[in-house]
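# A structural walkthrough
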Amino acid sequence: MKLLIVNPGSTSTKVAIFEDTSLIMDKTIRHSAADLAPYAKVTDQYDMRKEIIMTQIEESGIPMTQLDAVVGMGGLLKPIPGGTYRVNEAMLKDLRSGVQGLHASNLGGLIAHEIAKEIDKPSFIVDPVVVDEFDDISRISGHPMIKRRSIFHALNQKAIARQYCSDAGKGYFHVNLVVVHMGGGISVGVHAKGRVIDATNALDGEGPFSPERSGGLPVGDLVDLCYSGKFTQGEMRASLTGKGGMVGYFGSNNMMEVEERAKTDPEVGRVIDAMAYQISKEIAALSTAVNGKIDAILLTGGLAHWDYLVKQIAKRVKFIAEVNAYPGEHELLALALGALRVLKGEEPAKIYE
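Here the structure is a predicted model, which is why all the values come from computation and not from measurement.

## Quick word on the nonpolar core
Grouped together as the largest cluster of nonpolar side chains are 34 residues, with contacts concentrated most on V180, M182, M246, M275, I283, I297 and I313. Elements represented by at least two residues in this core include exactly β9 (176-182), β10 (186-192), α8 (245-250), α9 (255-262), α10 (266-287), β12 (296-301) and α11 (307-317). The element best represented in this core is α10, accounting for 8 residues. Setting aside anything within four residues of it in sequence, one finds I283 in contact with V178, V180, V188, I297, L299, I313, V317 and I320. Listed in part, the 33 residues of the second largest apolar core include V6, V15, L76 and I111.

## So, the sheet that holds strand β13 (residues 322-327)
Here 5 strands make up an open sheet; going across it, the order is β11-β10-β9-β12-β13 and the pairing mixed. Where the open sheet ends on each side, the last strands, each with one partner, are β11 (195-199) and β13. Averaged over all pairs of adjacent strands, the angle between strand axes in this sheet comes to 25 degrees, irrespective of strand direction. Where β9 and β12 come together, 5 bridges link them in parallel fashion. Bridged to V180 within β12 is L299.

## A few points about the sheet that holds strand β4 (residues 69-73)
One open sheet holds the 6 strands; their spatial order is β3-β2-β1-β4-β6-β5, and the pairing between them is mixed. Every other strand in the sheet has two partners, leaving β3 (22-30) and β5 (84-86) as the edge strands with one partner each. The sheet shows a mean angle of 20 degrees between the axes of neighbouring strands, direction not considered. Note that β5 and strand β6 (residues 123-126) share 3 bridges and pair antiparallel. Following the sheet pairing, Y85 is matched in β6 by I125. Where helix α2 (residues 46-60) meets the sheet, it contacts β1 (2-8), β2 (12-19) and β3, and its direction lies at approximately 35 degrees from that of β2.

## Structural notes on the layout of surface pockets
Considering only enclosed or pocket space, the second largest pocket measures out at about 890 Å³ in volume. Along the walls of the second largest pocket sit 42 residues, with T11, R30, G183, G184 and E329 positioned nearest its centre. Among the secondary structure elements, those contributing two or more residues to the lining of the second largest pocket are β1, β2, β3, β9, α9 and α12 (331-343). Partitioning the lining of the second largest pocket into residue classes produces 15 nonpolar, 20 polar and 7 charged.

## Things to note about the side chain of S12
Inspection of the secondary structure puts S12 in strand β2. Residue S12 is classed as buried on the basis of its relative accessible area, which comes to 6%. Contact partners of S12, with chain neighbours within four places excluded, come to N7, T28, I29, R30, H31 and R49.

## Comments concerning the packing of α9 against α10
The N-to-C vectors of α9 and α10 enclose an angle of 125 degrees; their axes lie 8 Å apart at closest approach. Overall, the two elements α9 and α10 adopt an arrangement that is oblique. Facing M255, V258, E259, R261 and A262 of α9, the residues of α10 in contact are V268, G269, I272 and M275. For the contact of α9 with α10, the residue count by class is 6 nonpolar, 1 polar and 2 charged.

What counts and how
Counting restarts for each chain, with residues numbered from 1 along the sequence as it is written. This being a predicted model, a pLDDT of at least 70 is required before a residue's local features are given, and a value of 80 or more before pairs of side-chain atoms are given or counted; all residues contribute to the totals for chains, interfaces and linings. To get the side-chain values, take all heavy atoms of the structure and skip hydrogens and water. Here, nonpolar core refers to any group of buried Ala, Val, Leu, Ile, Met, Phe, Trp, Tyr and Cys residues whose side-chain atoms link them within 4.5 Å. Exposure classes here rest on a 1.4 Å probe applied to the protein chains alone. A residue is buried below 20% of its type maximum, exposed above 50%, and partly exposed in between. We count a stretch as a helix when DSSP gives it H or I for four or more residues in a row; a strand needs E for two or more, and each element gets its number in order from the N terminus. Note on contacts: a residue pair qualifies if any of its non-hydrogen atoms lie within 4.5 Å across the two residues. At least two DSSP bridges between two strands are required for those strands to pair. Interaxial angle, 0 to 180 degrees, is taken between N-to-C directions of lines fitted to C-alpha atoms, where a helix line uses only the stretch in contact. Only protein atoms enter the 1 Å grid used here, on which a cavity is any set of points holding a 1.4 Å probe that cannot leave and a pocket is any open set flanked by protein within 12 Å on both sides along at least five of seven lines; residues with an atom within 4 Å of a point are listed as lining. Grid points are joined across faces, edges and corners, and a volume is the space filled by probe spheres set on the points. Asp, Glu, Lys and Arg are counted as charged, while Ala, Val, Leu, Ile, Met, Phe, Trp, Tyr, Cys and Pro are counted as nonpolar; the rest, among them Gly, fall into the polar class. Note on angle classes: values under 35 degrees are labelled roughly parallel, values over 145 roughly antiparallel, values of 65 to 115 roughly perpendicular, and the remainder oblique.

What follows is the structure in structure tokens.
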């Protein structure tokens, strides 16, 4: 079976075609902060992203008629259990409106559905970022009007957790892991016997800062800034998600460029070390969810290719458990596997309501 995979991320658009589990086409188009600056909202990027995807399919030489399904990255939907979902009208409505917020991943289901519709094939999403397996205690924020939400890089975190378990000869439902996805956004999750019982909301202001997100900030200072009269609500949100982190400090989400600047600018190096420090603190904090009984700490995502960052984190947290790096995003294969399980009748597609 041939599957088209569509994965719009905050700083990239990834397109792949699988024949069963064999990757036969894989393209990643990077988007700099300057590239995305003209678009006020994520949904405004729809035409640009779809055009990029269609161009890559055309250049691959694989006829659209040979595709059996189109699989998109899941977006900010309502909280749902993990699994593979067929895209339906209820899902499309919530992706467009941003029922839990707007993020580039919302475009995954929208674009997948439109392409699949043109060739009369099914479209799916798999383990979206709103997978919710939290313990009830994890939802309590400290303010009765605010509830903590499960929004994290569920697809890649779960895929890497399963990959580690396969490599180590362990069962995913028998181990405790802390998994860190490090890309344009950074999320840290604690996987307890197959459930992610707590995780940082990487989209909406929790955890470490990242290449383009501010992470957790001093709340009082943030409130003062919001009411300073200098920003609209939209501008304030954009400054936290998309224009925060390294973009806010140095105007770039390209960490190779930032690392190069650190060679001649000590302040850049200091901020890089602060990001590694904040990631390490979050790993240690979440290990308390299972009383410190962690079998392994897994670092994944594009930034796990960065040897310096991995070493800075490992030296701080190796006292908790062994640290393993799985560089890159393994989401494309995870999306394909989720759709294949449904297409081959191994499990039913879940219904989004």
